[in-house]
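# Report on the structure
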Amino acid sequence: MHNFLKTIGFSKIQTDMQLEPLLERAVNDKYRTLIINGNEGSVIEQYQLPVAPSMGIAVVGERTPDGVFHRKYYFPYMRSYDGTLTEAGSVERHLEKETYAGVLEDFKSGITLIFYVTNSVQLRELQKMDMRVKARQAFLTGLASDGKILLPIEKKDEDPEAVKRQSNERRRLFEAARQGDQEAIDTLTETDINMFNELHQRIVTEDLYSIVETTFMPTGVECDIYSILGEIVSLRVKENVYTHENVVDMKISCNDCIFHVAINESDLVGIPAVGRRFKGKIWMQGNLEFIENDSDGQADDDNADAVG
């Protein structure tokens, strides 16, 4: 059983046998089919079973020349239409099966973001065609296993342009530090020390979450699991058409990044509302949009492969 099936409204399914009819339906209904040639006359097929708007279960398998479909794996998914542009996006294949992890070196929060690529079959097709491609943007979503709602904090009135300049400068320093710039490393270290000292003084009289507005950090042993604290920009409650469980879809602003997070309503503590904050653990996934490189290594925007 996939740990995040309950996120999209399947909290009462406890065994693979209970899930089997839904996986078979995904293959039989042939919704949003993606088919590529495999080896020795077989074909790789991916199907999706929608269970609520923009979310469902994806099933990937191989159909042999005699017409028999062998399921390889499945995963719950949620789609987003809010893209994160990237100039340093790449993919790495997982060891166990031909699925991929996406890597964003230029993620706005200052960390190297690793996430599960939901359009791996499309990526396999591009590689089989020996196309030189690069990632242009990622459509990120997070499936939450649990979470709680926190009240917003009182914010100081700040000049938006000044905030934007500070954010851009910090990203520039992070990039320079990755390249080994000792001056940038020293500047970031000094900034962190000053921030730690300020936090140490304020924590005596203030609550931690009245000081920290948003956070984004890896957690646990899985490289695509993160603990986040972010502000709710918008939200929508969706109903799973098979179980009638409610799933809360929240657009989150976290460390200058915008992405969607889904959570089963029964796993959410508190009442979500725009302006309040969400704190929880998420499995980060996303579709990558690729563009073909020309002979000079420059990206050709007219040859973008849209994600599905």
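Residues numbered from 1 in each chain as written. Predicted model: local features only at pLDDT ≥ 70, side-chain atom pairs only at ≥ 80, totals over all residues. Heavy atoms only, no water.

### Some remarks on the overall build of the chain
Secondary structure assignment for the chain yields 5 helices and 16 strands. Here the chain has a C-alpha radius of gyration of 21 Å; the compact-globule value for 308 residues is 19 Å, and the two agree. Projected onto its principal axes, the C-alpha coordinates of the chain cover approximately 70 × 50 × 30 Å. Taken across its 308 residues, the chain has 41% of its residues classed as buried. Considering the chain, the positive charge centre built from 34 side chains and the negative charge centre built from 51 side chains are found 5 Å apart. (Helix = DSSP H or I, 4+ residues; strand = E, 2+ residues; numbered from the N terminus. Rg over C-alpha atoms; globule rule 2.2 N^0.38 Å. Buried < 20%, exposed > 50% of the residue type's maximum accessible area, 1.4 Å probe, protein only. Lys, Arg positive; Asp, Glu negative; His and termini not counted. Charge placed at Lys NZ, Arg CZ, Asp CG, Glu CD.)

### Points about the sheet that holds strand E2 (residues 43-52)
One open sheet accounts for 4 strands, arranged E1-E2-E3-E4; its pairing is antiparallel. The outermost strands of the open sheet, each flanked by one partner alone, are strand E1 (34-37) and strand E4 (69-78). Each strand of the sheet is rotated relative to its neighbour by a mean of 15°, with strand direction disregarded. Here 4 bridges tie E1 to E2, and the two strands are oriented antiparallel to one another. Note on E2: the bridge partner recorded for Ile36 is Ile44. Contacts between helix H1 (residues 16-29) and the sheet are confined to E2, strand E3 (55-63) and E4, with E2 contributing the most and set at about 110° to the helix. Each of E1, E2, E3 and E4 touches helix H2 (residues 120-128); the most contacted strand, E1, lies at about 30° to it. (Pairing = 2+ DSSP bridges. Axes fitted to C-alpha atoms, helices over the stretch in contact; angles between N-to-C directions. Contact = heavy atoms within 4.5 Å.)

### A few points about the side chain of Gln137
Residue placement: Gln137 occurs in strand E9 (residues 133-150). Classification of Gln137 as buried rests on a relative accessible area of 15%.

### Topic: the pattern of salt bridges
In the structure shown here, the tally under the stated rule is 11 salt bridges. With its nearest N and O atoms 3.1 Å apart, the salt bridge here joins Glu20 to Arg71. Placement of the pair is Glu20 in helix H1 and Arg71 in strand E4, with a sequence separation of 51 residues. On the basis of relative accessible area, Glu20 is assigned to the partly exposed category, the value being 23%. As a salt-bridge pair, Lys72 and Glu62 come within 3.8 Å of each other at their nearest N and O atoms. (Salt bridge = Lys/Arg side-chain N within 4 Å of Asp/Glu carboxyl O.)

### Section: a negative patch on the surface
On the surface, a cluster of negative charge is contributed by Asp181, Glu183, Asp186 and Glu190. Mapped onto the elements, Asp186 comes out in helix H4 (residues 182-202). (Patch = residues over 30% accessible without salt bridge, like charges linked within 9 Å, V, L, I, M, F, W, Y side chains within 5 Å. Areas by Shrake-Rupley, 256 points an atom, 1.4 Å probe, with all protein chains shown as cover.)

### Digging into unusual backbone geometry
Here Ser54, not a glycine, exhibits a phi torsion of approximately 65°, which is positive. Mapped onto the secondary structure, Ser54 falls in the loop between E2 and E3. A positive phi angle is found at His244, which is not glycine, with a value near 65°. Take His244: it is sitting in the loop between strand E11 (225-239) and strand E12 (246-254). On the accessibility criterion, His244 (54% relative accessible area) is exposed.

### A word on the layout of surface pockets
Quantified by volume, the largest pocket comes out at close to 2,100 Å³. In terms of lining, the largest pocket is formed by 42 residues, of which the most central are Met195, Ile211, Glu213, Thr214 and Asn255. Residue assignment for the lining of the largest pocket shows that the elements contributing at least two residues are helix H3 (160-178), H4, helix H5 (208-211), strand E10 (215-218), E11 and E12. Its residues placed into classes, the lining of the largest pocket shows 16 nonpolar, 11 polar and 15 charged. When its volume is computed, the second largest pocket comes out at roughly 510 Å³. (1 Å grid on protein atoms, 1.4 Å probe; cavity = no way out; pocket = protein on both sides within 12 Å on 5 of 7 lines; lining within 4 Å. Points joined across faces, edges and corners; volume = space filled by probe spheres on them. Nonpolar A, V, L, I, M, F, W, Y, C, P; charged D, E, K, R; others polar.)

That is the geometry; function is a separate question.
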